Amino acid sequence: MSSSTTERKLVVDRRGHFLPLSPSEVGSAGKTGSWRTERPVLSPEKCTSCYLCWLYCPDDVITMEPRGPEGNEIPVIDYEYCKGCGICVDVCPVNALSMISEEEPIEIQR
Amino acid sequence: MANSIPKPQWQVTGQLIPMRGNDAVAYAVKLARVEFVAAYPITPQTIIVEKIDEMISHGELEADMMHVESEHSALAATYGAAIGGVRAFTATSSHGLAYMYEVLWWVAGSRIPVVMAIVARAIGPPWNIHVEHSDVMVTRETGWLVSVAENNQEALDLTILMFRVTEDPRVYLPGIIGLDGFILSHTVEPVDVPPQEVIDEFLPPRRQPYVFEPGRLVAMGNLMPDEIFEEHRIDMHYSLASASRVIKEAGREYAKLTGRDYSNLTECYRCSDADYLIAGTGSWMGDAKIAVDLLREKGLKFGALRLRWIRPFPWDEVREVGLNKKLVVILDRSISFGYAGQLFIELSSALEAKPSIVGVPAGIGGLDISYSDIAYIGEEAVRLLEEKGRIYIPVLWYHLGGFKSLPPSRQIETTRRAQFLSIDIESIGEDENR
Amino acid sequence: MIEMALNIKSLPKKKYVMPGHAACPGCPETIGFRHLGMALGDKAVTVIPAGCSAVIQGLWPKQGWGLPALNIVFAAGAATASGLARALERRGVDAHVVVWAGDGGTADIGLQSLSGAAERGENIIYVCVDNEAYMNTGIQRSSLTPHGAWTTTTHRGNPGTKKPIPQIVAAHRVPYVATASIGYPWDFIAKLRKAAKIRGFKYIHLHAPCPVGWRFDAGLTGKIAKLAVETGAWILYEYENGKLKLNPPSNRLLDPSKRKPIEEYIKLQGRFRNISPESLEVLKRDIDRNWEEIRTALRAQGDL
């Protein structure tokens, strides 16, 4: 573990007592992207940068970045941790997101 | 008896004030500059909280007092304040302790110092508000330090010591001061209240392993892999067992400042040349000392071993004084139903059952036990020893001036059998003999 | 809508939930917790009694919440937060102490502690994340399970009706009580921010549809939350110093004809799949009664 030294500092005090503390960190349940059976995929040209997918994402795996066709902000999904629940697809008002099977060939996914 | 206050055996460093045991605890809370108190009323604990509230109202103590709706919340709120970085205290008895039981575990597992007084009382049903050690004894497994006072002076001193020891970085665990309901809690004795500057010198500002506040992005107590959980428990055990060293150190320093010596976890009265010991904890051990004097007048060389601390268990001290004795009579003011008194279980294992041992539950539910009762118990135990050569009796219950031998061991004939008021003396516990 | 969109973009982008936490896909509690962080920011400290939100944190040596999270035994959320809030205030630490509890930790085992803290007027924000059953232990009924709903302990449908906890808390005469929904984040965030400005005991009851326990597709959490409000099954309102006010869109739904049929809400949920016509009537009556009580209160205030 790369962050093991900082973790040790937090969970063990100066006397070496072992404290039941855990710092906030990604991946407390592992690489949860592996839970997915379907993945949300964006059609960037349809995105209106409304942020709703970001607002509703239960896993906080969406960041809005200026990578749209016109430099507009679009959701960028962290597939390492996205659990594929599909809420982003459901709340998108313009159908810019859709779910595709994890078994689909990878080329489709931009 | 003369009405004048007897001259105390200890050095008077501050003001000698006649007070109840519960007042003594409240004075200690004040001297420790406690900042937060949460409590729920239960007899016989109430005076502690009333007195603290009075001190706050009179501007003598600058603390937050929270009047919660239950003992469960009392300890939870005390814990919340303690984890938020202030010195916190609560007090309870009996059912109140039983009600907050799960929170005891939570506080200890968090490694957060908190101090609690337990004014010992029987647990119902039937309702009974009198002294018994059942409540104090159920705390042994929870990871708290547990001490039991013999008198009101000790109730004050141990409370102050407890803050110092629990907040020591080598310990970082919560602690309990037990004091006997009514016998100490409501009985006036002269107590030396040390000057504030003496306690300020003795007790440093609060230390704790961590504080919960904004920006500290941690969780306390989320799930842990089992192997790590076990290591956490190992560390708790290590810290609690080795707190003896910290207690002795603090006790020595307290002796220098007040003249009252707490450098041992036990107190032994006339033990060094004794053949026989009476062992126990709590206020009746004061009577046991008088009983020892009476027994010695009869030519029986008794000593009295008093456990001032239950946790950490005073292993070294108990073994040093007890291993080579002919007989140890263990008084228990509580019983682990189906086996024996808790101190019998603990002391007989520490002594490897090398001496002859008799466990005597007595005084349950506040039944009065005087020094003459204790002398009589000692005498009878010696008689049984001389008759049999060696004895190991978990339960020889002393009830209303007589004895009743009860399971798990085989029946022992005693000279004076207990007279029962409500149960059939012939049928109870006699089956094994038939 | 425009104003709403502008508001969304101004919200903090900081992660108040750590990707890779242990919640089920589509979990409403993590959605709500993100909004809690966005609303209160880094002054927030959470106290979390037993429940899903304890397990969601995942495994030591990491935790999945992006705020300090003090786990505590089931019944002690409000009491622990009370002590913590007093200690931090005493030490001069600027903080919002928030209880983040489930429906069981609030309405059942935690009710006494909640009532005590409310009565004492402790300066804390209490959020009940209501997923309408004991989801963490495997979907057992709580006193906030609606009538007729299947759970693993009500195989023939819940015989009881949902306990009116917001009214019970409001009856303590605390300065602020509100309901909110996962489906209306801007409303929840605004209510949290309002609560943060008020001194005393604040209570927000957050409706949180659970895909696993309610038996619906994980992608529909937001949709079902909205449907609950649009059908009138869940009502958005707030009591400020005892004065009741309906919030959008519930303020437009006093007239039953404006509400979508309740069937639209329940047909998407497996927990209502086998609800009998009689039970459905009881469920509807219970919802009507909630509205009737609101109407009565508004009338008494002179607002109707």
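Just so you know, these numbers come straight off a predicted model, no measurement behind them. Here the residue index of a chain counts from 1 through its sequence in written order. Chains carry letters from A onward and ligands carry numbers from 1 onward, assigned in written order. Selection of residues for local features in this predicted model requires a pLDDT of at least 70, selection of side-chain atom pairs for listing and counting requires 80 or more, and totals for whole chains, interfaces and linings are taken over all residues. The side-chain quantities take in all heavy atoms of the structure and omit both hydrogens and water.

### Considering the overall build of chain A
In this text, helices come from DSSP runs of H or I with a minimum length of four residues, and strands from runs of E with a minimum of two, each type numbered from the N-terminal end. Counting its regular elements, chain A contains three helices and five strands. Listed N to C, the secondary structure of chain A is α-β-β-α-β-β-α-β in terms of helices and strands. In chain A, which comprises 110 residues, the proportion classed as buried is 54%. Residue pairs at least 24 apart in sequence account for 60% of intrachain contacts in chain A once pairs closer than 6 positions are excluded. Accessible surface computed for chain A: about 5,500 Å², of which carbon and sulfur atoms make up 50%. Burial classes: relative accessible area under 20% of the type maximum marks a residue as buried, over 50% as exposed, and values in between as partly exposed (1.4 Å probe, protein chains only). Note on definitions: a residue-residue contact is assigned when non-hydrogen atoms from the two residues lie within 4.5 Å. In this description, accessible areas are obtained by the Shrake-Rupley approach with a 1.4 Å probe, and a residue is regarded as covered only by the protein chains that are shown.

### Quick notes on the overall build of chain C
The helix and strand tally for chain C stands at twelve helices and eight strands. For chain C, the spread of C-alpha atoms along the three principal axes comes to 55 × 50 × 40 Å. Expressed as a percentage of the 304 residues in chain C, the buried residues total 63%. Taking as baseline every contact in chain C between residues at least 6 positions apart, the subset at least 24 positions apart corresponds to 70%. Carbon and sulfur atoms form 55% of the exposed surface of chain C, whose accessible area is close to 10,900 Å². Only four residue types enter the charge count: Lys and Arg as positive, Asp and Glu as negative, with His and the chain ends excluded. Lysine's charge is taken at NZ, arginine's at CZ, aspartate's at CG and glutamate's at CD. Taking the 39 positively charged and 26 negatively charged side chains of chain C as two groups, their mean positions are separated by 5 Å.

### Here we look at the interface of chain A and chain C
Chain A puts 36 residues into the contact, and the matching count from chain C is 50 residues. Using a 1.4 Å probe, buried area is obtained as the accessible area two parts lose upon being combined, added over both of them. Summed over both partners, the interface of chain A with chain C buries about 3,300 Å², with 58% contributed by carbon and sulfur atoms. Considering only the surface of chain A that becomes buried against chain C, Leu55, Tyr56 and Asp60 of chain A emerge as the three largest contributors, covering 21% of it. Only one rule defines a salt bridge in this text: a Lys or Arg side-chain nitrogen within 4 Å of an Asp or Glu carboxyl oxygen. At the junction of chain A and chain C, the tally comes to two salt bridges.

### Re the environment of Gln269 of chain C
Looking at the secondary structure, you find Gln269 of chain C in the loop between helix 11 (262-266) and helix 12 (277-300). Each residue touching Gln269 of chain C, except ones within four places of it in the same chain, is listed here: Trp214, Arg215, Phe216 and Ile224 of chain C.

### Concerning the confidence of the model for chain A
pLDDT is a per-residue confidence score from the predictor, ranging from 0 to 100. Averaged over every residue, the pLDDT of chain A is 87; the share at 70 or more is 81%. Low confidence marks residues 1-10 of chain A, where pLDDT is under 50. Its contacts with residues over four positions away, or in another chain, come to ten contacts.

### Let's talk about the interface of chain A and chain B
Each partner contributes to the interface: chain A provides twelve residues, whereas chain B provides 22 residues. Here chain A meets chain B over a buried area of about 1,400 Å², counting both sides, of which 63% is carbon and sulfur. Its largest share of buried area at the contact with chain B, chain A owes to His17, Phe18 and Pro20 of chain A, together 45% of the area lost on that side. Where chain A touches chain B, the interface holds zero salt bridges. Counting of polar contacts relies on pairs of N or O atoms within 3.5 Å, with two restrictions inside protein: one atom must be capable of donating a hydrogen and the other of accepting it, and residues adjacent in sequence are counted only when both atoms are side-chain atoms. Inspection of the chain A/chain B interface yields ten residue pairs in polar contact (both at pLDDT 80 or more). Per-element tally for the side of chain A that touches chain B: the top contributor is strand 1 (residues 21-23) of chain A, with three residues. Each residue gets one label: Ala, Val, Leu, Ile, Met, Phe, Trp, Tyr, Cys and Pro are nonpolar, Asp, Glu, Lys and Arg are charged, and the others, such as Gly, are polar. Considering only residue class, the side of chain A that touches chain B consists of six nonpolar, four polar and two charged.

### Regarding the packing of helix 3 (residues 71-83) of chain B against helix 4 (residues 77-90) of chain C
When two helices pack together, their arrangement is given by the angle between the helix axes and by the axis-to-axis distance. Across the interface, helix 3 of chain B lies against helix 4 of chain C with an axial gap of 6 Å and an inter-helix angle of 35°. Considering how the two elements wind past one another, helix 3 of chain B and helix 4 of chain C form a crossing that is right-handed. Here Ser73, Ala76, Ala77, Tyr79, Gly80, Ala81 and Ile83 of chain B of helix 3 of chain B lie close against helix 4 of chain C, whose contacting residues are Ala79, Thr80, Gly83, Leu84 and Ala87 of chain C. Taken together, the residues of the contact of helix 3 of chain B with helix 4 of chain C sort by class into eight nonpolar, four polar and no charged. To define axes, lines are fitted to C-alpha atoms, for helices over the stretch in contact only, and angles between the resulting N-to-C directions are given on a 0 to 180 degree scale. In a left-handed crossing the near helix is turned counterclockwise from the far helix by less than a right angle, and in a right-handed crossing that turn is clockwise.

### Observations regarding helix 7 (residues 152-166) of chain B
All names here are of chain B. A helix's residues, less one, multiplied by 1.5 Å, set its expected span. If you check helix 7, its first and last C-alpha atoms are 21 Å apart, about what 15 residues at 1.5 Å a residue would give, namely 21 Å. Within helix 7, 15 of the 15 residues are buried, which leaves the element mostly enclosed by the surrounding structure. Of the residues that open helix 7, the one with a side-chain oxygen 3.3 Å from the backbone nitrogen of Gln153 is Asn151.

### Some remarks on a nonpolar patch on the surface
Surface patches are drawn from residues lacking salt bridges whose relative accessible area is over 30%; two like charges belong together within 9 Å, two nonpolar side chains (Val, Leu, Ile, Met, Phe, Trp, Tyr) within 5 Å. Among the surface-exposed residues, Leu223 of chain B together with Val55 and Leu59 of chain C lie close enough to one another that they form a single nonpolar patch of about 220 Å² accessible area. The partly exposed category is assigned to Val55 of chain C, whose relative accessible area is 31%.

### Observations concerning the sheet that holds strand 4 (residues 88-92) of chain B
All names here are of chain B. Any two strands between which DSSP finds at least two bridges are classified as paired. With mixed pairing, seven strands are arranged side by side in an open sheet as 3-2-4-5-7-6-13. Only two strands of the sheet have a single partner each, and these edge strands are strand 3 (64-67) and strand 13 (309-311). Strand-to-strand twist in this sheet, taken as the mean axis angle between neighbours without regard to direction, amounts to 20°. Pairing geometry for strand 5 (residues 115-120) and strand 7 (residues 175-180), over six bridges, is parallel. Paired with Val119 across the bridge in strand 7 is Leu179. Packing against the sheet, helix 7 makes contact with strand 4, strand 5, strand 6 (145-148), strand 7 and strand 13, and its axis sits at approximately 170° to strand 7.

### Here's the deal with a negative patch on the surface
A surface patch of negative charge is lined by Asp226, Glu227, Glu230 and Glu231 of chain B. Within the secondary structure, Glu227 of chain B is located in helix 9 (residues 226-241).

### Quick look at the side chain of Arg260 of chain B
Residues and elements named next belong to chain B. Along the chain, the position of Arg260 falls in the loop between helix 10 (243-258) and strand 10 (266-269). Of note is the side chain of Arg260, whose polar atom sits 2.6 Å from the side chain of Asp157. Within the structure, Arg260 has its side chain in polar contact with the side chain of Asp192 (distance 2.6 Å).

### Quick look at the pattern of salt bridges
Enumeration over the complete set of coordinates arrives at 61 salt bridges over all chains. Residue Lys298 of chain B is joined to Glu379 of chain B by a salt bridge in which the shortest nitrogen-to-oxygen separation is 3.1 Å. Residue Lys298 of chain B is located in the loop between helix 11 (284-297) and strand 12 (302-307), and its partner Glu379 of chain B is located in helix 14 (residues 371-388); the two are separated by 81 residues in the primary sequence. Among the residues examined, Lys298 of chain B registers a relative accessible area of 56% and is labelled exposed. Two residues, Asp255 of chain C and Lys258 of chain C, come together in a salt bridge whose shortest N-O distance is 3.7 Å. For Asp255 of chain C, a relative accessible area of 33% puts it in the partly exposed group.

### A short note on helix 2 (residues 28-40) of chain C
Residues and elements named next belong to chain C. Helix length check: helix 2, at 13 residues, gives a terminal C-alpha distance of 18 Å against a target of 18 Å (1.5 Å per residue), a fit within 8%. The element helix 2 is extensively covered by neighbouring structure, given that 13 of its 13 residues are classed as buried. Count one or two residues on from helix 2 and you reach Gly41, which has phi positive near 70°.

### Section: the packing of aromatic side chains
Any pair of Phe, Tyr and Trp rings, taking the six-membered ring for Trp, is counted once the centres come within 6.5 Å. Such a pair is stacked with planes under 30 degrees apart, edge-to-face with planes over 60 apart, and tilted for the rest. Enumeration according to the criterion identifies 19 aromatic pairs over all chains in this entry. For a ring to carry a charge above it, either NZ of a lysine or CZ of an arginine must fall within 6 Å of the ring centroid while also lying within 35 degrees of the normal to the ring plane. Positioned over the ring face of Tyr376 of chain B is Arg416 of chain B, at 5.2 Å from the centre of the ring. Stacked on the ring of Trp291 of chain C, the Lys or Arg Arg259 of chain C has its end atom at 4.2 Å from the ring centre.

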